[in-house]
Amino acid sequence: MKKRKIPMRKDLLTNTMMPKKELVRIVIDKEKNVSVDPTGKKSGRGAYVSLIPEKIAEAQKDRVLEKSLGAKVPPQFYEDLYAYVDHQKARKDLFGEDYRAK
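This write-up is about the structure you can find in this document. The numbering scheme is per chain: residues are counted from 1 as the chain's sequence reads. Predicted model: local features are reported for residues with pLDDT of at least 70 only, side-chain atom pairs are reported and counted for 80 or more only, and whole-chain, interface and lining totals are derived from all residues. Each side-chain value is worked out from all heavy atoms of the structure, with water and hydrogens disregarded.

### A short note on the pattern of salt bridges
By convention in these notes, a salt bridge is any Lys or Arg side-chain nitrogen within 4 Å of a carboxyl oxygen on Asp or Glu. The tally for this structure, following the rule as stated, stands at 4 salt bridges. Across the pair arginine 25 and aspartate 37 runs a salt bridge, and its minimum N-O distance is 2.7 Å. With arginine 25 in strand E3 (residues 23–28) and aspartate 37 in strand E4 (residues 34–37), this pair connects stretches of sequence that are 12 residues apart. The two residues arginine 25 and aspartate 37 agree in class, both being buried. The way it works is that DSSP assigns letters per residue, a run of H or I at least four long becomes a helix, a run of E at least two long becomes a strand, and they are numbered from the N terminus. Exposure classes here rest on a 1.4 Å probe applied to the protein chains alone. A residue is buried below 20% of its type maximum, exposed above 50%, and partly exposed in between.

### A short note on the environment of aspartate 80
The topology assignment puts aspartate 80 in helix H3 (residues 75–95). For aspartate 80, a relative accessible area of 39% corresponds to the partly exposed category. Residues aspartate 80 and serine 35 lie 45 residues apart in sequence; the distance between their C-alpha atoms is 8.3 Å.

### Section: the environment of alanine 83
With respect to the helices and strands, the residue alanine 83 is situated in helix H3. With 60 residues separating them along the chain, alanine 83 and leucine 23 place their C-alpha atoms 15 Å apart.

Dropping the structure here:
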């Protein structure tokens, strides 16, 4: 049986390489709108972040996303990101570790 290659991305918050499935893509478009990109297919400059609420709070405080994306990140975006993280955690608890692989 052939082993599949696992795509890896660098987590902006922890500065480590992680499987793409364990991260979420944050994208900024030409109009400087910042949004969560769960599909990973939106056009624009992207950055990958881990789904750890403590790291997101730390990144918000240190303005890590603003520095990386080169634009002001509104507080509403962080609320959306926390909601997404909570949703993904609930899915993981409900369906187990392989919930995103399907």
